[in-house]
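# Secondary and tertiary structure notes
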Amino acid sequence: DGLPQSETGSRIAEHLMAMPEHERPDTIISLDDNITIGLTSTLVASQWDRLQYKPPIITLCNRQIPIMPPWPDIDYYEVNIENMADKAVELCLKQLKQKNIEKEVILLQPVNKKEEN
């Protein structure tokens, strides 16, 4: 919808808080750390007096920019954005040289920071 990711996260949180408690998800999986920041910030702000709805969250974290919100139960998978950029440049160059290249699936393995420590 063209919104900054953090604002998208805020809107998701507002939607969740407007839902009846029994319909809210038990766990949230977010594919973007900025969305997660907006989501958690709004969840905390909307429950300032007492944080009752605090579902576990699984989210992405960029290795080069490890920004994670303080949240009671958060797990994340880390991606190396330098590796992603390298692969994107490689694919662009390949396309320029060969023209109609075949589609390919690229798998970049996430690294769970908890396992590194």
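Higher on the page you've got the structure.
This report concerns the structure included in the present document. Bear in mind the structure is a predicted one, so any value in this text is a computation, not a measurement. (Residues numbered from 1 in each chain as written. Predicted model: local features only at pLDDT ≥ 70, side-chain atom pairs only at ≥ 80, totals over all residues. Heavy atoms only, no water.)

## Observations regarding the pattern of salt bridges
Throughout the structure, instances matching the rule amount to two salt bridges. A salt bridge links E7 to R11; the nearest nitrogen and oxygen atoms lie 3.7 Å apart. Placement of both E7 and R11 in helix α1 (residues 5-18) is noted, with a separation of four residues, approximately one turn of the helix. We classify E7 as partly exposed; its relative accessible area is 34%. Judged by its relative accessible area of 45%, R11 is partly exposed. Salt-bridge contacts for E90 lead to K87; the nearest nitrogen and oxygen are separated by 2.9 Å. Residue E90 and its partner K87 are both found in helix α3 (residues 81-98); the two are separated by three residues, about one turn of the helix. Given a relative accessible area of 21%, K87 falls into the partly exposed group. (Salt bridge = Lys/Arg side-chain N within 4 Å of Asp/Glu carboxyl O. Helix = DSSP H or I, 4+ residues; strand = E, 2+ residues; numbered from the N terminus. Buried < 20%, exposed > 50% of the residue type's maximum accessible area, 1.4 Å probe, protein only.)

## Focus on the nonpolar core
Formed by A13, L16, M19, I28, L39, L43, Y53, I57, W71 and I74, the largest nonpolar core amounts to 10 residues. Contributing elements (two or more residues each) for this core: α1 and α2 (33-46). (Core = buried A, V, L, I, M, F, W, Y, C linked by side-chain atoms within 4.5 Å.)

## Here we look at the packing of aromatic side chains
Taken as a whole and assessed by the stated rule, the structure comprises zero aromatic pairs. Geometry around Y53 places R24 over its ring, the cationic atom sitting 5.0 Å from the centre. (Phe/Tyr/Trp six-rings, centres within 6.5 Å; stacked < 30°, edge-to-face > 60°. Lys NZ or Arg CZ within 6 Å of the ring centre and 35° of its normal.)

## A few points about the environment of Q5
With respect to the element layout, Q5 can be found in helix α1. With relative accessibility at 37%, the residue Q5 sits in the partly exposed group. Along the backbone, Q5 and G38 are 33 residues apart, and their C-alpha atoms lie at a distance of 7.4 Å. Setting aside residues no more than four positions away along its own chain, Q5 makes contact with D32, N34 and I35. (Contact = heavy atoms within 4.5 Å.)

## Remarks on the side chain of N62
Tracing the backbone shows N62 in strand β2 (residues 57-62). Residue class for N62 comes out buried when judged on its relative accessible area of 14%. Discounting residues that sit within four places of it in the chain, N62 has contacts with D33, E78, V79 and I81.

## Here's the deal with the sheet that holds strand β1 (residues 28-30)
Strand order in the open sheet formed by three strands is β1-β2-β3, with parallel pairing between adjacent strands. The sheet terminates laterally at β1 and β3 (74-79), the two strands that pair on one side only. In this sheet, neighbouring strand axes are inclined to one another by 25° on average, regardless of whether the strands run parallel or antiparallel. Lying over the sheet, α2 contacts β1, β2 and β3, oriented at roughly 135° with respect to β2. (Pairing = 2+ DSSP bridges. Axes fitted to C-alpha atoms, helices over the stretch in contact; angles between N-to-C directions.)

These results come straight from atomic positions and should not be treated as a statement about function.
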